[in-house]
Amino acid sequence: MGPRHRPRGELSLFHPSGRAERAARHGRAVSPAEPGDFTAEPNLRPALEAAGRHVATYEDAPTRFLTRATR
């Protein structure tokens, strides 16, 4: 039997701090499209779309990171 999924399933990626806060904790500055940063929108959106998902919401606020993607 092949993989099963809901036709209209939703995927949420959440972290209680934003990318800039996490980068600062590690002594780095955040850049819009750092090649190794999977959560940067220019990297995340194409990866999710290649997996058959559409990014419905992308929030990178100082107090949280949240992405919602639908099938």
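Nothing here was measured: the structure is a model prediction, and the numbers come from that model.

Rules of the game
- Residues numbered from 1 in each chain as written.
- Predicted model: local features only at pLDDT ≥ 70, side-chain atom pairs only at ≥ 80, totals over all residues.
- Heavy atoms only, no water.
- Helix = DSSP H or I, 4+ residues; strand = E, 2+ residues; numbered from the N terminus.
- Buried < 20%, exposed > 50% of the residue type's maximum accessible area, 1.4 Å probe, protein only.
- Areas by Shrake-Rupley, 256 points an atom, 1.4 Å probe, with all protein chains shown as cover.
- Pairing = 2+ DSSP bridges.
- Axes fitted to C-alpha atoms, helices over the stretch in contact; angles between N-to-C directions.
- Salt bridge = Lys/Arg side-chain N within 4 Å of Asp/Glu carboxyl O.

Describe the overall build of the protein chain, and please don't skip the residues or the numbers.
Looking only at helices and strands, the protein chain has two helices and three strands in total. In sequence order, the secondary structure elements of the protein chain are arranged as β-α-α-β-β. Put simply, the protein chain has 71 residues, and 25% of those count as buried. Carbon and sulfur atoms make up 56% of the accessible area of the protein chain, which amounts to about 5000 Å² in all.

Describe the sheet that holds strand 3 (residues 64–70), naming the residues involved and giving the relevant values.
Here three strands make up an open sheet; going across it, the order is 1-3-2 and the pairing antiparallel. Among the strands making up the open sheet, the edge pair consists of strand 1 (10–15) and strand 2 (54–61). In this sheet, neighbouring strand axes are inclined to one another by 5° on average, regardless of whether the strands run parallel or antiparallel. Looking at chain direction, strand 2 and strand 3 are connected through seven bridges and run antiparallel. Along strand 3, the bridge assignment pairs Glu 59 with Leu 66.

Lay out the pattern of salt bridges with the relevant residues and their values.
Enumeration according to the criterion identifies six salt bridges in this entry. Here Arg 45 makes a salt bridge to Glu 41, at a shortest N to O gap of 2.5 Å. Taken together, the residues span about one helical turn, with Arg 45 and Glu 41 both in helix 2 (residues 41–50) at a distance of four residues. Glu 59 serves as the salt-bridge partner of Arg 64, at 2.5 Å between the closest nitrogen and oxygen. Overall, Arg 64 belongs to the partly exposed group, its relative accessible area being 33%. Where salt bridges share partners, they join Arg 19, Asp 37 and Asp 60 into one cluster.

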